[in-house]
Amino acid sequence: MPHIDLPPLPGIAGLLAGFPQTAGPLNDLAETLLRGPSPLSPAQRETIAAYVSRRNECTFCAETHGAVARRLGAADPDPLMDALLAIADRVRVDGRSVTAADIDQARAAGADDRTIHDTVLIAAAFSMFNRYVDGLGTLTPSDPAVYEKHAHNLAENGYLPR
């Protein structure tokens, strides 16, 4: 049960519906990070979001973004994604823990400045989204079909209401 009065919608959907004054900026941020211009594909960015959410133990976000990544054709792990996920994991815990060696490893795997920037920003933002969703005790469905339905919409339409 949510800690505050919210519409009976799962995860961040209940928060966005219940607090429309913050919904616009949060949706804009998600759209920019996950669908805006980037050297990373939307599937790669969704994978980073899902990974950070899983490591933060935010079930709603991990399941949602994992399902979106799969719908977008998430690639098999490779040295670049492994290096980016290592950076994302460090950011998730404490941004100051990212080391020059982490950056060097990402560069050796093909990352440029924008790729590293986008990875760090996605990891930081999703840590915030995870804490928002879990800190207010939002509804977390147990039925995988709920996440698949939500993922279909996000994969097809992005994060801005239509």
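Residues numbered from 1 in each chain as written. Predicted model: local features only at pLDDT ≥ 70, side-chain atom pairs only at ≥ 80, totals over all residues. Heavy atoms only, no water.

1. Quick notes on the overall build of the protein
Along the protein, the regular secondary structure elements total eight helices and zero strands. Helices and strands in the protein line up, N terminus first, as α-α-α-α-α-α-α-α. A compact globule built from 162 residues would reach a C-alpha radius of gyration of about 15 Å, and the protein, at 15 Å, matches this within 12%. Across the 162 residues of the protein, 44% fall into the buried class. In the protein, once contacts between residues fewer than 6 apart in sequence are set aside, the share between residues at least 24 apart is 75%. As presented, the protein carries roughly 8300 Å² of accessible surface, and 57% of it is formed by carbon and sulfur atoms. Positive and negative side-chain charges in the protein, numbering 14 and 20 respectively, have mean positions lying 1 Å apart. (Helix = DSSP H or I, 4+ residues; strand = E, 2+ residues; numbered from the N terminus. Rg over C-alpha atoms; globule rule 2.2 N^0.38 Å. Buried < 20%, exposed > 50% of the residue type's maximum accessible area, 1.4 Å probe, protein only. Contact = heavy atoms within 4.5 Å. Areas by Shrake-Rupley, 256 points an atom, 1.4 Å probe, with all protein chains shown as cover. Lys, Arg positive; Asp, Glu negative; His and termini not counted. Charge placed at Lys NZ, Arg CZ, Asp CG, Glu CD.)

2. Focus on the layout of surface pockets
The computed volume of the largest pocket comes to approximately 410 Å³. What lines the largest pocket is a set of 21 residues, among which Leu 16, Asn 27, His 150, Leu 154 and Tyr 159 lie closest to the centre. Elements represented by at least two residues in the lining of the largest pocket include exactly α1 (11-18), α2 (20-35), α4 (59-71), α7 (113-135) and α8 (144-157). Its residues assigned to classes, the lining of the largest pocket comprises 13 nonpolar, seven polar and one charged. Put simply, the second largest pocket is a space of about 190 Å³. Looking at the lining of the second largest pocket, the elements that each hand over two or more residues are α3 (42-55) and α4. Considered class by class, the residues forming the lining of the second largest pocket number six nonpolar, two polar and three charged. (1 Å grid on protein atoms, 1.4 Å probe; cavity = no way out; pocket = protein on both sides within 12 Å on 5 of 7 lines; lining within 4 Å. Points joined across faces, edges and corners; volume = space filled by probe spheres on them. Nonpolar A, V, L, I, M, F, W, Y, C, P; charged D, E, K, R; others polar.)

3. Things to note about the nonpolar core
Soluble globular proteins tend to bury their nonpolar side chains together. In this structure, Ile 12, Ile 48, Leu 84, Ala 106, Phe 126, Phe 129 and Val 133 are the most contacted members of the largest nonpolar core, which totals 41 residues. Of all the secondary structure elements, the ones that give two or more residues to this core are α1, α2, α3, α4, α5 (79-93), α6 (100-108), α7 and α8. Of all the elements, α5 adds the most residues to this core, at eight residues. Not counting residues up to four positions away in its chain, the partners in contact with Phe 129 are Ile 12, Leu 26, Leu 29 and Ala 30. (Core = buried A, V, L, I, M, F, W, Y, C linked by side-chain atoms within 4.5 Å.)

4. Some thoughts on the packing of α4 against α8
The N-to-C vectors of α4 and α8 enclose an angle of 55°; their axes lie 8 Å apart at closest approach. Of the possible angle classes, the one that applies to α4 and α8 is oblique. As for the relative orientation of α4 and α8, their crossing is right-handed in sense. Of the residues in α8, those in contact with Thr 59, Phe 60, Glu 63, Thr 64, Ala 67, Val 68, Arg 70 and Arg 71 of α4 are Tyr 147, Glu 148, His 150, Ala 151, His 152, Leu 154 and Ala 155. Taken together, the residues of the contact of α4 with α8 break down into seven nonpolar, four polar and four charged. (Axes fitted to C-alpha atoms, helices over the stretch in contact; angles between N-to-C directions. Parallel < 35°, antiparallel > 145°, perpendicular 65-115°, else oblique. Left-handed = near helix turned anticlockwise from the far one by under 90°.)

5. Considerations on the side chain of Asp 89
Among the secondary structure elements, Asp 89 is positioned in helix α5. Reaching out from Asp 89, the side chain makes a polar contact with the side chain of Arg 55 at a distance of 3.0 Å. Setting aside anything within four residues of it in sequence, one finds Asp 89 in contact with Tyr 51 and Arg 55. (Polar contact = N/O pair within 3.5 Å; in protein donor to acceptor, adjacent residues only side chain to side chain.)

6. Regarding the packing of aromatic side chains
Taken as a whole, this structure holds two aromatic pairs when the rule is applied. Geometrically, the ring pair formed by Phe 60 and Tyr 147 is tilted, given 5.9 Å between the ring centres and 55° between the ring planes. You can see Phe 60 sitting in helix α4 and its partner Tyr 147 sitting in helix α8, a full 87 residues away along the chain. Here the two residues Phe 60 and Tyr 147 agree in accessibility, since each one is buried. Each ring, one from Phe 126 and one from Phe 129, has its centre 5.1 Å from the other, and the planes form 65°; the classification is edge-to-face. In this pair, Phe 126 and Phe 129 both sit in helix α7, three residues apart, roughly one turn of the helix. The exposure class assigned to Phe 126 is buried, which follows from its relative accessible area of 3%. (Phe/Tyr/Trp six-rings, centres within 6.5 Å; stacked < 30°, edge-to-face > 60°.)

Everything listed is a geometric property; what it means functionally is a separate question.
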